[in-house]
Amino acid sequence: MAKTAISAQQLVKWFGVGDARTNAVKSASFEASFGEIFYLVGPSGSGKTTLLSMISGILKPDSGSVNIDNTDIWTLTNDELADFRLNRIGFVFQDYHLFPRLTTLENVAIPLILKKYDWDVAMQEALKYLDIVGLKNRAQLPPFKLSGGEQQRVAIARAIVSQPDILIFDEPTASLDGDTGKKIMSFIKDEILNEHRCVLVVTHDSRIFEYADEIMKMEDGAVTEIEINGEAQWLLK
Amino acid sequence: MKGILKIAFKLLVNDKGKFAALLMGITFAVFLMVMMTSIFSGVLRSASSVVINIGAKIWVMDPAVTTVANSIPMPEFVQDAVRSIDGVKYAVPLYSGAATLKLTNGAYQSVTILGLDDTSLLGRPALLEGNIADIFAENGFLVVKDSEISKLNNPHIGTTFELNEHRGVIVGIAKVTANGLFGMPTLYTTYNRAIQYIPTARFTTSYVLVEPKSLEAVQHIKNEVQKMGYLAVTKEEFREKISTYYKFKTGLGTNILIMTMISFIVGLSISGQTFYTFILENLDKFGALKAIGAKSRELIIMIVFQAGFTALTGYGLGVGLCTLMIGLAKMRLPNYASVVTFGNLGIAFIMVLIIAIFSSLIGVRKVLKIEPFDVFRG
């Protein structure tokens, strides 16, 4: 049986005050294991990004806990949490957030630079990961000279360069056409995922559901359904 | 840390448009600030040129004197009284005044005349041509070779002129350390000849120049002179007195201060606004860096480095540009009153630091406020 990578228990998050107070996430619980691709799906405003942020240690829940590989991340100090994210979690943002004034190679090397690697060593290491995503020949170009799919792969290289256990993808196919989106997901499944890594994907793109090992559906801040390998495990409504 | 600074450097300089705008803003501001304060320093230096050139350690004068040029003649007994003060090695008179020369071509020209003590010639200038002893020759005058000498039709040794119906002869060409402020040629002669040729009031001694026996004697000399109703100041104090007069009683200081402040505000506005735009454009990236694992202090270091690097580069360029402009101006106008001093550079440096701190603060404030969660939310 696969080891549990993420265990989220009874996560609750409120936003706003007074009449505008909204319960963005209502007591969400789930577990994701190493070696699997875990999808968090639901319509806009369903709370999946809020849940993802709490899981990844960038938004503190009002209650509940998040254990990543047996570390209760919300008991860590801010600096410890930053170090935890740097070493254990890789992010691929929806808009990639690559620095246009840096080369592709330098963008990929950023996590290593933050980990205080020597500049040349960081660049050599980053080049290896650019090679993995098939963009070694684009190393010296600025990101804006790359296609959307290529930028996505640069963002993936940046996310995996520090060899994190958890990879978080926020709407990875939102700005890609269907074919490119599927290629990216195939690449993640075939090249990035391994038994020591858990991939968490937030999406509402049903075209890529086929790549999921587990899908958690959310609606109005609540988890409504969990599917494992295409089969519904339990339903709330 | 080096890697983070390198990233910060590349983010800054690779955004060529903004980096150029930032540099131009700061360079321009520094240029104006240094230029303004240098002109002021130059004016102050020129205003004190007689004090610098004569070089006496203590100057005795009427307490109402504000600048060298407006000396108030003192009776001759002052010199004798000063000589009798304990701690005075020697004391000699100095005549300082203006006169109008009639040149050989019939033209008239205003000049500054300094009359040196006949015995010691204390405060005499270095000679480029001629012999200093010739100043004692009949009608002997030394002329200072500076940018104003052409107003006397470029005289040479032997050139004659008329001064209050007295004949004058140039017996030496001199050079001095500092040029005067008012654009008049300067002549040196003996004290007695000066008071003989130039109509004066009842009293004739403009200043008494004093050499103290020791530094410790200076305060005693000052006290004794004060008891006589006159004022004794050191060379530095006299320069400070002149400087204070120009700074606070002529409006010159206020105008320079206003111009310097305007330059500072221009620099602050341009660099502050451009840097703020630069931070705003990269705000989501800074948020992403936070999400990836950058600590707040690392982001602060990046921003402070960017602001500091821009400010110091702009400072260097501004100072360089100012020096170049002053150099070029002095090639055309040798008497151009502008001097870059360490004080000017220090003031401009402090102002540039304030610009850098202000620019950093608005950037840091913005970056610290961005939450990685906002990056996810778009």
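The structure reproduced in this document is the subject of the present report. Quantities reported herein were computed from a predicted structural model and do not represent experimental measurements.

Helix and strand counts for chain A stand at 6 helices and 11 strands. What you see for chain A is a C-alpha radius of gyration of 18 Å, in line with the 18 Å of a compact globule of 237 residues. If one aligns the C-alpha atoms of chain A with their principal axes, the spans along those axes are about 50 × 40 × 40 Å. Of all 237 residues assigned to chain A, the portion counted as buried reaches 57%.

Scanning chain B from terminus to terminus reveals 12 helices and 10 strands. Since a compact globule built from 378 residues should have a radius of gyration of about 21 Å, the 29 Å found for chain B marks it as more spread out than a globular shape. On the principal axes, the C-alpha backbone points of chain B span a range of 95 × 50 × 35 Å. When burial is assessed residue by residue, chain B has 52% of its 378 residues classed as buried. Counting contacts in chain B only where the partners sit at least 6 residues apart, residues at least 24 apart contribute 80% of the total.

The next point concerns helix α1 (residues 48–55) of chain A. Note on helix geometry: an α-helix contains 3.6 residues per turn, so any two residues three or four positions apart are oriented the same way. Among the 8 residues of α1 of chain A, 8 are classified as buried, and the element is accordingly described as predominantly covered. Residues Lys48, Thr49, Thr50, Leu51, Leu52, Ser53, Met54 and Ile55 of chain A constitute the buried set of α1 of chain A.

Residues and elements named next belong to chain B. Running from amino to carboxyl end, helix α9 (residues 283–292) crosses helix α11 (residues 342–369) at an angle of 55°, the nearest separation of the two axes being 9 Å. Put simply, α9 runs oblique to α11. You can see that α9 and α11 cross each other, and the crossing is right-handed. Note on element contacts: α11 touches α9 through Lys366, Val367 and Leu368, opposite Leu283, Phe286 and Lys290. When its residues are assigned to classes, the contact of α9 with α11 shows 4 nonpolar, no polar and 2 charged.

What follows covers the packing of aromatic side chains. Residue and element names in this part refer to chain B. Under the counting rule described, the total for this entry stands at 15 aromatic pairs over all chains. Plain terms: the ring middles of phenylalanine 305 and phenylalanine 309 are 6.1 Å apart, the flat faces sit at 25° to each other, and that makes the pair stacked. Of the two residues, phenylalanine 305 and phenylalanine 309 are both situated in helix α10 (residues 296–332); the distance of 4 residues between them amounts to about one turn of the helix. The exposure class assigned to phenylalanine 305 is partly exposed, which follows from its relative accessible area of 26%. Taking the relative accessible area as the measure of exposure, phenylalanine 309 reaches 26% and is therefore partly exposed.

With that settled, the discussion passes to the side chain of aspartate 165 of chain A. Looking at where aspartate 165 of chain A falls in the secondary structure, it is placed in the loop between α5 (148–160) and β7 (166–170). Residue class for aspartate 165 of chain A comes out buried when judged on its relative accessible area of 17%.

Another aspect to go through is the interface of chain B and chain A. Listed by partner, the interface residues are 28 residues for chain B and 30 residues for chain A. For the chain B and chain A pair, buried surface summed over both sides reaches about 2,800 Å², with 70% attributable to carbon and sulfur atoms. Counting every contact that joins chain B to chain A gives 5 salt bridges. Of the charged contacts, one joins lysine 116 of chain A and glutamate 298 of chain B as a salt bridge, the two residues approaching to 2.7 Å between their closest N and O atoms. Put simply, the parts of the chain that give the side of chain B that touches chain A at least two residues each are α1 (2–13), α9, α10 and α12 (372–377) of chain B. The biggest single contributor to the side of chain B that touches chain A is α9 of chain B, with 8 residues. Residues that form the side of chain B that touches chain A fall into these classes: 14 nonpolar, 4 polar and 10 charged.

Here we come to unusual backbone geometry. Even without being a glycine, lysine 116 of chain A presents a positive backbone phi close to 70°. In this structure, asparagine 164 of chain B takes a positive phi of about 50° despite not being glycine. Tracing the sequence through the fold places asparagine 164 of chain B in the loop between β6 (160–163) and β7 (166–175). The class for asparagine 164 of chain B is partly exposed, based on a relative accessible area of 38%.

This part is about the nonpolar core. If you look at the biggest cluster of nonpolar residues, it comprises 111 residues, and the most contacted ones within it are Ile6, Phe30, Tyr39, Leu51 and Ile156 of chain A. Once you skip the residues sitting within four places of it in the chain, leucine 51 of chain A turns out to touch Leu11, Val25, Ala28, Phe30, Leu40, Met216 and Met218 of chain A. The next biggest cluster of nonpolar side chains, apart from the first, holds 31 residues, and it includes Ala47, Val51, Val144 and Ile242 of chain B.

A few words now on helix α7 (residues 235–249) of chain B. All names here are of chain B. Along its 15 residues, α7 runs 21 Å from first to last C-alpha, staying within 8% of the 21 Å computed at 1.5 Å per residue. Those residues of α7 that sit buried are Phe238, Ile242, Ser243 and Tyr246. On an axial view of α7, the arc spanned by its buried residues comes to 135°, and they lie on one face. Turned more than 90 degrees off the buried face of α7, the exposed positions are Glu236, Phe248 and Lys249. Those residues of α7 that are buried are in contact with α2 (16–47), α3 (49–54), β1 (58–61), β9 (207–212), β10 (231–234) and α8 (252–281). After α7 finishes, the residue glycine 251 shows a positive phi value of roughly 85°.

Residue and element names in this part refer to chain A. Inspection of the sheet shows strand β3 (residues 37–41) paired to strand β9 (residues 214–219) by 4 bridges, in the parallel sense. Paired with phenylalanine 38 across the two strands is glutamate 214, which belongs to β9. Pairing between β9 and strand β10 (residues 222–228): 6 bridges, direction antiparallel. In the strand pairing of β10, lysine 217 is matched with glutamate 225. Turn length for the β9-β10 hairpin, with the two strands adjacent in sequence and antiparallel, is 2 residues, and the turn residue aspartate 220 shows positive phi of about 50°.

Rules behind the numbers
Residues numbered from 1 in each chain as written. Chains lettered and ligands numbered in written order. Predicted model: local features only at pLDDT ≥ 70, side-chain atom pairs only at ≥ 80, totals over all residues. Heavy atoms only, no water. Helix = DSSP H or I, 4+ residues; strand = E, 2+ residues; numbered from the N terminus. Rg over C-alpha atoms; globule rule 2.2 N^0.38 Å. Buried < 20%, exposed > 50% of the residue type's maximum accessible area, 1.4 Å probe, protein only. Contact = heavy atoms within 4.5 Å. Axes fitted to C-alpha atoms, helices over the stretch in contact; angles between N-to-C directions. Parallel < 35°, antiparallel > 145°, perpendicular 65-115°, else oblique. Left-handed = near helix turned anticlockwise from the far one by under 90°. Nonpolar A, V, L, I, M, F, W, Y, C, P; charged D, E, K, R; others polar. Phe/Tyr/Trp six-rings, centres within 6.5 Å; stacked < 30°, edge-to-face > 60°. Buried area = accessible area lost by both parts, 1.4 Å probe. Salt bridge = Lys/Arg side-chain N within 4 Å of Asp/Glu carboxyl O. Core = buried A, V, L, I, M, F, W, Y, C linked by side-chain atoms within 4.5 Å. Expected span 1.5 Å × (residues − 1). Arc of directions from axis to C-beta. Pairing = 2+ DSSP bridges.

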